[in-house]
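Close look at the chain arrangement
This is what each chain is made of:
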Protein chains: 8
Amino acid sequence: MGSQSDLAIMNEAAKILESLAIPYEISIVSAHRTPDKMFDYASSAVSRGLKVIIAGAGGAAHLPGMTASLTPLPVIGVPIKSSNSIDGWDSVLSILQMPNGVPVATVALNAAQNAGILAAQIIGAFDAEVLKRVADFKEKLKEKVEKGNSDLQSGKA
Amino acid sequence: MGSQSDLAIMNEAAKILESLAIPYEISIVSAHRTPDKMFDYASSAVSRGLKVIIAGAGGAAHLPGMTASLTPLPVIGVPIKSSNSIDGWDSVLSILQMPNGVPVATVALNAAQNAGILAAQIIGAFDAEVLKRVADFKEKLKEKVEKGNSDLQSGKA
Amino acid sequence: MGSQSDLAIMNEAAKILESLAIPYEISIVSAHRTPDKMFDYASSAVSRGLKVIIAGAGGAAHLPGMTASLTPLPVIGVPIKSSNSIDGWDSVLSILQMPNGVPVATVALNAAQNAGILAAQIIGAFDAEVLKRVADFKEKLKEKVEKGNSDLQSGKA
Amino acid sequence: MGSQSDLAIMNEAAKILESLAIPYEISIVSAHRTPDKMFDYASSAVSRGLKVIIAGAGGAAHLPGMTASLTPLPVIGVPIKSSNSIDGWDSVLSILQMPNGVPVATVALNAAQNAGILAAQIIGAFDAEVLKRVADFKEKLKEKVEKGNSDLQSGKA
Amino acid sequence: MGSQSDLAIMNEAAKILESLAIPYEISIVSAHRTPDKMFDYASSAVSRGLKVIIAGAGGAAHLPGMTASLTPLPVIGVPIKSSNSIDGWDSVLSILQMPNGVPVATVALNAAQNAGILAAQIIGAFDAEVLKRVADFKEKLKEKVEKGNSDLQSGKA
Amino acid sequence: MGSQSDLAIMNEAAKILESLAIPYEISIVSAHRTPDKMFDYASSAVSRGLKVIIAGAGGAAHLPGMTASLTPLPVIGVPIKSSNSIDGWDSVLSILQMPNGVPVATVALNAAQNAGILAAQIIGAFDAEVLKRVADFKEKLKEKVEKGNSDLQSGKA
Amino acid sequence: MGSQSDLAIMNEAAKILESLAIPYEISIVSAHRTPDKMFDYASSAVSRGLKVIIAGAGGAAHLPGMTASLTPLPVIGVPIKSSNSIDGWDSVLSILQMPNGVPVATVALNAAQNAGILAAQIIGAFDAEVLKRVADFKEKLKEKVEKGNSDLQSGKA
Amino acid sequence: MGSQSDLAIMNEAAKILESLAIPYEISIVSAHRTPDKMFDYASSAVSRGLKVIIAGAGGAAHLPGMTASLTPLPVIGVPIKSSNSIDGWDSVLSILQMPNGVPVATVALNAAQNAGILAAQIIGAFDAEVLKRVADFKEKLKEKVEKGNSDLQSGKA
């Protein structure tokens, strides 16, 4: 993530990865304040054995796109609605609208949990065990919705 | 893709996958006009051996999100600026703003080529050969920019 | 509705239908989390004797449009401004901008009461008793405005 | 419709109603230029036997909402992207964002065909014959998509 | 104004008119809930001796434009950011984007005070005494800014 | 108007004033390129006998607001969609969103004709002859709409 | 700055200039309420020895652009999200979208600190001592990010 | 600039710098395709004697912000409306909304000429000769407006 202030949001990615038993590392690397570190981090990602990178940032959010420019690995971008953001449009468009050749897999505003799930899905495409965990997680969401509906029908909601 | 009219855009995904030697299938499946077929297509994707799904659609674009709700595989969404679109905002937001639990890896407006590259990157995360092809592709983009700059410096541009 | 969190908003539809003495059922059915249930719900609507369906959802709101794709009945869509929505634009555009052939009768952001009234108007088009109730309801709104004006003129407001 | 210039768009509603064998009348009535006529038209709609009203207008589009304020019948609004419109946002918001008590069933920008289909669905809710025609129409859309896909698979597209 | 809930905002127009000694009347008249009364109010404005009409409304705000369609007098529109407004864009565009022939003199979002000042300026164009009061009011604004600056320079701010 | 390129749009104001027999002058005065001339023009408007000022400009359009800051006369602003405008939003917001104390009577994007009509309405508020011309003009608009409708009904449209 | 209410935001510019040891003056000058003073202030800036002007304003923010029209010095504009702003878009577009010939160096919404840093960078381009202070400031930002990351890694964050 | 396709726009900066006799160099350096070159270019700018950098890019435009993160020199950003841009909003927000500590002096959409003028103004703040050229350029703009007005008054326009 680009800033310590993004931690509250980005922790959701960590939590879901943990619950899906996917090993991960988490770092604060700023495209604008520590560009050298960002270069090293992204350029060395393949050799360090990373499979997917999740990058979250707010405002003129350059971290996801710059990371994508420095590695052939898939990069997932989380637009964060920071203070003084223009309603989140700035981070959404700064991450989504990448030029041909350098895609960022963008998820919804503040949707760090979804970034974690997407990372698990990418890994799961080649790891049947992880794929099953993702399917199980989706099954639990389904049960929660059905529970909510049962409560509603029985007048508990 | 959701409609025959999306073919001109979505062909770019096919072309880049071909150039990266990634096998693929291409279909027209409409969330709103052939919902049963969409259900079958998405639900059977894992068992048919697909690894990644690219879904492109315009306007109130539900194909990517509905596909994602029906498979644990990673789904890449391509917002398409169709006629009568409100400047493309409708397809961008319909694809990007998915709820917790069901991410769509969204790329830029009309960026089918990037969807293809992202699919290759996802496969490349677990296939060193494909990863190398992605890295080579990026190298060629770099050379093209440098060639453009050389032409500019030598007065050819 | 698509989620238990939509209940506070969607209850307004239930309340107005009750006050207009229109029988109704209310369920939580998620396009993205319980797609099978949504399919069953919408596909069986005609045979179960429903006349109109009201579907409310937030973010990338696919429930109204997917329901409309699965039934020939009129579907009323309520865009809901959920947390992390981009100011409600996402749900408005995801519901409104449906492709040719599959309309959703969209009402204003969070306007579940209006969805209930519209449902009553649709039924009222073929049921003189219900039409009268709608007309009476509008008469009461008028009186309320006139009462507000009287208070203002007499210095009570 | 509010202006002669809306005819090209609004004719799509007439055409689909014709193809679904729904009798209709078509008029130019301007909220801003012929307000008296609009009042008479909307106020007398029930007594003249109308069941649904489709109102299309561009810019600060008041025709659908004002019609809805003058009749208990369901009113379908078609936002039209007129010249000097601000990208269609003006007509969309002027029609959609109606206050509590006076809904307009809004369809997508320029989607007059969908307005006609929605009118047929409303009538079909109480007329099994019309409902069947709507279902048949949707079936044809499905076949068209499947034909498009067949062409694509066989290399004709 | 269109609703009792607009009173807090619209009172600012009353206050400034009072302070500029311009006689006025204030009423709640809803385009959508009391359309007949709106018709009478606007149609009789010239004969009742009104010179300018200020109309404020939120959401799909039709009161200013409909009033303008029913009188040759100048109509000033105040867009109001009501609850469930889409950030005020709905009322701004519903009031501003009037078609050729029927202008509304639109002021800023919630700017009822400015509507009062504009009304005074319109009257002042033909009444030297009122024009002087407007000029004096502007002079006071100037002095207030200069006082603020003096405080800042002297360390009081 | 602020630039020679605005002439095509702003001429519509001149034409309608001519047709309503309102004497007027027309000038190019740029807030940003000829600020001194703008100051002189606006500051001397009252003493030169002007009653209303129409100011049209595009982009970051400061001419209407600055003119309003320099005269107690009513100022009508015409937002113009210039090349490189961001869809006209820049000129609309730069003209509309004036601070308390300094209103600009804003009309729709490119609506110079409406600016002319509004100017006539302002003059007409105190000149029965002009008011009658405005009413006659509106009557003609009405007839044109009714003629359009007759043509439609008789199959000529 | 244009108003006393902008002081809380604009003080950030003063603070950073102080910390970078750049001498400055701070004034409230309103384009709309004290236009004469604005003229004098901007026109005399070169002769008074100013090198850069920072102008912050909200809503239809004309202060930065008008200042730029009256001096050949570089002008930095700070869009301020004032009350009744339309999400800050009004001030952003009013300051950014200046016509050819009269640029304003616009910074992010409410980013008065960045305006101060940009002013220091402009001075630093020709003053090695100031440039060093800017570089040192950036170095401190870097250290702060790295400290945040260390805390995160060691479990303190 | 970030791409050869930006040359048509960015050439305007070169032309105005030439006409103001400011020496400059022009290069194509892509943040996303040639990140290493961008790092070298920006990091070495001070030591190579550059005083100001103009960076233009479209879409998710990261070149201006990344350049600013790598040099203490002032960086001017030109948002470019590229094909598949979402109306230019993406490049505007990606360049403008920089975080605290790393400003980019943003000019209007496609306004490369203004970027050149702003660069000249920055240099002119410390070079009386250049400042005079800027003042003369502005004088010529004024004369052009006045000529346009003369033509209009004499009926030539």
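Structure: see above.
In this report, the structure presented in the accompanying data block is examined. (Residues numbered from 1 in each chain as written. Chains lettered and ligands numbered in written order. Predicted model: local features only at pLDDT ≥ 70, side-chain atom pairs only at ≥ 80, totals over all residues. Heavy atoms only, no water.)

**Description of the side chain of Ser94 of chain E**
Within the secondary structure, Ser94 of chain E sits in helix α4 (residues 89-96). At 2.7 Å, the side chain of Ser94 of chain E and the backbone oxygen of Asp90 of chain E are in polar contact. The residues touching Ser94 of chain E, leaving out its near neighbours within four places in the chain, are Ala60, His62, Leu93 and Ser94 of chain D together with Gly59, Ala60 and Ala61 of chain E. (Helix = DSSP H or I, 4+ residues; strand = E, 2+ residues; numbered from the N terminus. Polar contact = N/O pair within 3.5 Å; in protein donor to acceptor, adjacent residues only side chain to side chain. Contact = heavy atoms within 4.5 Å.)

**Quick word on the packing of helix α4 (residues 89-96) of chain G against helix α4 (residues 89-96) of chain H**
It is at 13 Å that the axes of α4 of chain G and α4 of chain H come closest, and there the two elements cross at 90°. Between α4 of chain G and α4 of chain H, the angle is such that the two are roughly perpendicular. Contacts between α4 of chain G and α4 of chain H involve Trp89, Val92, Leu93 and Leu96 of chain G on the former and, on the latter, Trp89, Val92, Leu93 and Leu96 of chain H. (Axes fitted to C-alpha atoms, helices over the stretch in contact; angles between N-to-C directions. Parallel < 35°, antiparallel > 145°, perpendicular 65-115°, else oblique.)

**Regarding the relation of the copies chain B and chain A**
For these two chain copies, the linking operation is a rotation about an axis paired with a shift along it. The two copies are related by a screw motion: chain B maps onto chain A through a turn of 180° and a shift of 0.0 Å along the axis, at an RMSD of 0.0 Å. In the structure described here, the two chain copies are related by an operation that fits a two-fold rotation axis. A share of 100% of the interface residues of chain B reappears at the interface of chain A, consistent with the copies meeting face to face through the same patch. (Least-squares fit on C-alpha atoms with pLDDT ≥ 70 in both.)

**Digging into α4 of chain H**
Taking burial as the measure, the eight residues of α4 of chain H include eight buried ones, the bulk of the element. Listing the buried residues of α4 of chain H in full gives Trp89, Asp90, Ser91, Val92, Leu93, Ser94, Ile95 and Leu96 of chain H. (Buried < 20%, exposed > 50% of the residue type's maximum accessible area, 1.4 Å probe, protein only.)

**What to know about the interface of chain B and chain A**
Counting from both sides, the interface comprises 40 residues of chain B and, opposite them, 40 residues of chain A. In total, about 3,400 Å² of surface goes out of reach between chain B and chain A, with carbon and sulfur atoms giving 66% of it. Of all residues in chain B, the largest losses of buried area upon contact with chain A belong to Pro72, Pro103 and Phe126 of chain B, amounting jointly to 18% of the total for that side. The tally of links between chain B and chain A comes to zero salt bridges. At the boundary of chain B and chain A, one finds 19 residue pairs in polar contact (both at pLDDT 80 or more). Those elements that provide at least two residues to the side of chain B that touches chain A are α3 (63-69), α4 (89-96), β3 (105-106), α5 (112-124) and α6 (128-153) of chain B. When residues in the side of chain B that touches chain A are grouped by element, the largest group, seven residues, is from α5 of chain B. (Buried area = accessible area lost by both parts, 1.4 Å probe. Salt bridge = Lys/Arg side-chain N within 4 Å of Asp/Glu carboxyl O.)

**Details of the interface of chain D and chain F**
Chain D puts 15 residues into the contact, and the matching count from chain F is 15 residues. Here chain D and chain F share an interface that buries about 1,400 Å² over both sides, 62% of which is from carbon and sulfur atoms. For the chain D face of the interface with chain F, the top three residues by lost area are Ile28, Arg33 and Ile86 of chain D, together amounting to 36%. Counting across the interface, chain D meets chain F through one salt bridge. Lys142 of chain F is paired through a salt bridge with Asp36 of chain D; the nearest N and O atoms lie 3.7 Å apart.

**Here we look at the pairing of strand β2 (residues 75-80) of chain E**
Residue and element names in this part refer to chain E. Within β2, six of the six residues are buried, which leaves the element mostly enclosed by the surrounding structure. Neither face of β2 is left uncovered, since the one carrying Val75, Gly77 and Pro79 and the one carrying Ile76, Val78 and Ile80 both have all their residues buried. In terms of strand pairing, strand β1 (residues 53-58) meets β2 through six bridges, oriented parallel. When the bridges of β2 are listed, Gly56 appears paired with Val78. What joins β1 to β2 is helix α3 (residues 63-69), and the crossover it makes is right-handed. Examined bridge by bridge, β2 and strand β3 (residues 105-106) share two bridges and lie parallel to one another. (Pairing = 2+ DSSP bridges. Right-handed = clockwise from strand over helix to strand, strands pointing away.)

**Remarks on the environment of Ile123 of chain H**
Relative to the elements of secondary structure, Ile123 of chain H occurs in helix α5 (residues 112-124). Linking Ile123 of chain H and Val52 of chain H, residues 71 residues apart in sequence, is a C-alpha distance of 8.1 Å. Leave out the neighbours within four places in its chain, and Ile123 of chain H touches Phe126 of chain G together with Ile22, Val52 and Val130 of chain H.

**Things to note about the relation of the copies chain D and chain F**
Of the two same-sequence chains, chain D is brought onto chain F (RMSD 0.0 Å, axial shift 0.0 Å) by a rotation of 90°. Between the two chains, the operation in question is that of a four-fold axis. Nearest to the rotation axis, the C-alpha of Asp87 of chain D is located 5.2 Å from it, this being the minimum over chain D. By residue overlap, the copies meet through two different surfaces: only 13% of the interface positions of chain D are interface positions in chain F.

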